[in-house]
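Results of the structural survey
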Amino acid sequence: MAASSELDYDNKVQIVLIGKTQVGKSTIGNIILGFHAFDTKLSAASVTSKTECKENDRFGKQLVVVDTPGFFHTELTEEELRNEYCKWSEHISPGIQAIVLVIQAERFTEEDEKTFKFFKTLFGDNLKDYLIVVFTHICRLEDQHMSIDQFVETIDKSSNLQKLICKSNKRYIALGNTASEEEVQNLLGMIEEIKEVNGGKYYSNELFKRAQEVNSNSIGSRISGICTGILNWGSKKLSN
Ligand SMILES: Nc1nc2c(ncn2[C@@H]2O[C@H](COP(=O)(O)OP(=O)(O)O)[C@@H](O)[C@H]2O)c(=O)[nH]1
Ligand SMILES: [Mg+2]
């Protein structure tokens, strides 16, 4: 486990990569770390099936990156994925400084909306304070002479993604698989801004645990609502 104390907060950059399968999460992880840390492949199935943590000293910082399996993983159920995502906190303590949501710059589908909603619920309300959206496959935008700002403007205002982007202070960046060191440093600069705004506070294992408790309470209350409904229906039947 990559343990951190208050003392090395400034020197460390600890992040988790999240997003759908095949959008380029592992590729971004490799670009940030500067070596082939995670397997990447164009494949019908997801290549990454386990949450993995790798690190490297670069740009005068100790970079720690957690890569996760993609949402809509072809072989894992939503429940198995949820459990796998929860493992980031086994790799990093006391927390992460940024949550990087990797998205392909393309037209968004219902599947994408479901993905963004899943992550909003998984990380809870605090997600917005630590979120950076990284758009990949930007050659498509370049082909159409479109800037990343113009692309973000086209995203539906009522979508989960647009709401997340607005709430996170519009922290987004375009980073393709051919990104230069300078572009990686721009991303690291964004993480430094998050660190400053959050005043030395991590998205901690504790915050994550609390978000899971809220999730299980809301699932619990939904189940208890269904049970109450069934009981009410049964007692009405009996009294008729
Ligand atoms: N054209 C293009 N291909 C990319 C980009 N990022 C990743 N890829 C390719 O997409 C495939 C899946 O990438 P990977 O990083 O394994 O996706 P993951 O499932 O999200 O981890 C690989 O063949 C990558 O080389 C990008 O920005 N542009
Ligand atoms: Mg991967």
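Anyway, here's the lowdown on the structure attached to this text. Everything numeric here is computed off the predicted structure, so don't read it as measured data. (Residues numbered from 1 in each chain as written. Chains lettered and ligands numbered in written order. Predicted model: local features only at pLDDT ≥ 70, side-chain atom pairs only at ≥ 80, totals over all residues.)

With respect to the overall build of the chain
Which entries qualify depends on this criterion: Helix and strand definitions here come from DSSP, where helices need a minimum of 4 consecutive H or I residues and strands a minimum of 2 consecutive E residues; each element is numbered from the N-terminal end. The burial label depends on the number of other C-beta atoms within 10 Å of a residue's C-beta. Counts of 20 or more mean buried, 12 or fewer mean exposed, and intermediate counts mean partly exposed, with C-beta atoms placed from the backbone. In this description, any two residues whose backbone-derived C-beta atoms lie within 7 Å of each other are considered to be in contact.
Broken down by element type, the chain carries ten helices and ten strands. With 240 residues in all, the chain has 33% of them scored as buried. Nonlocal contacts in the chain, meaning residues at least 24 apart in sequence, comprise 74% of its contacts between residues at least 6 apart.

Comments concerning the site of ligand 1
Test applied: Here, nearness means that the C-beta atom of a residue, built from backbone geometry, sits within 6 Å of the molecule or strand in question. In this classification, the charged set is Asp, Glu, Lys and Arg, the nonpolar set is Ala, Val, Leu, Ile, Met, Phe, Trp, Tyr, Cys and Pro, and all remaining amino acids, among them Gly, are polar.
The local shell around ligand 1 holds 20 residues, among which Gly 24, Lys 25, Ser 26, Thr 27 and Thr 40 are the closest. Looking at which element gives the most residues to the shell around ligand 1, the answer is helix α1 (residues 25–33), with three residues. Of the residues assigned to the shell around ligand 1, the class counts are four nonpolar, 14 polar and two charged.

Points about the packing of helix α4 (residues 110–123) against helix α8 (residues 160–167)
Note the following rule: Here, axes are lines fitted to C-alpha atoms. For helices the fit covers the stretch in contact, and angles between N-to-C directions go from 0 to 180 degrees. For classification purposes, an angle smaller than 35 degrees is called roughly parallel, one larger than 145 roughly antiparallel, one from 65 to 115 roughly perpendicular, and anything else oblique.
Viewed as axis vectors pointing N to C, α4 and α8 meet at an angle of 45 degrees, and their least axial separation amounts to 8 Å. In terms of orientation, α4 and α8 fall into the oblique class. In this structure, α4 contributes Glu 113, Phe 116, Lys 117 and Lys 120 to the contact, and α8 contributes Asn 160, Leu 161 and Leu 164. In terms of residue class, the contact of α4 with α8 is made up of three nonpolar, one polar and three charged.

Looking at the nonpolar core
Put simply, the rule reads: Working definition: the nonpolar core is a set of buried Ala, Val, Leu, Ile, Met, Phe, Trp, Tyr and Cys residues, joined through C-beta atoms within 7 Å.
In this structure, Ile 15, Val 16, Leu 17, Ile 96, Ile 99 and Val 100 are the most contacted members of the largest nonpolar core, which totals 52 residues. With six residues, the single largest contributor to this core is strand β7 (residues 98–104). Apart from residues no more than four positions distant in its own chain, Ile 96 is found in contact with Gln 14, Ile 15, Val 16, Tyr 130, Tyr 202 and Tyr 203.

A few points about the sheet that holds β7
Cut-off, in case you're wondering: In this scheme, strands are said to pair when DSSP sees at least two bridges between them.
Pairing is mixed across the open sheet formed by six strands, whose spatial order is β3-β4-β2-β7-β8-β9. The open sheet has two edge strands with one neighbour each: β3 (52–58) and β9 (172–174). If you compare each strand with its neighbour and ignore which way they point, the axes differ by 25 degrees on average. Sheet analysis places β3 next to strand β4 (residues 61–67), joined by seven bridges and oriented antiparallel. In the sheet register, Glu 55 faces β4, and the bridge partner there is Val 64.

Overview of unusual backbone geometry
Of note, the bond from Ser 93 into Pro 94 is cis; its omega dihedral lies within 30 degrees of zero at 5 degrees. Mapping Pro 94 onto the fold places it in the loop between β5 (92–93) and β6 (95–96). At Gln 22, a residue that is not glycine, the phi angle is positive and equals roughly 70 degrees. When you line up the elements, Gln 22 lands in the loop between β2 (12–19) and α1. In this structure, Lys 170 is a non-glycine residue whose phi angle is positive, near 55 degrees.

So, the pairing of strand β8 (residues 131–136)
By the criterion of burial, β8 is predominantly enclosed, with five of the six residues buried. Of the strand pairs in this sheet, β7 and β8 are connected by six bridges, and their pairing is parallel. Opposite Val 102, over in β8, you have Val 134 as the bridge partner. In terms of strand pairing, β8 meets β9 through three bridges, oriented parallel. Bridge pairing in β9 places Phe 135 opposite Ala 174.

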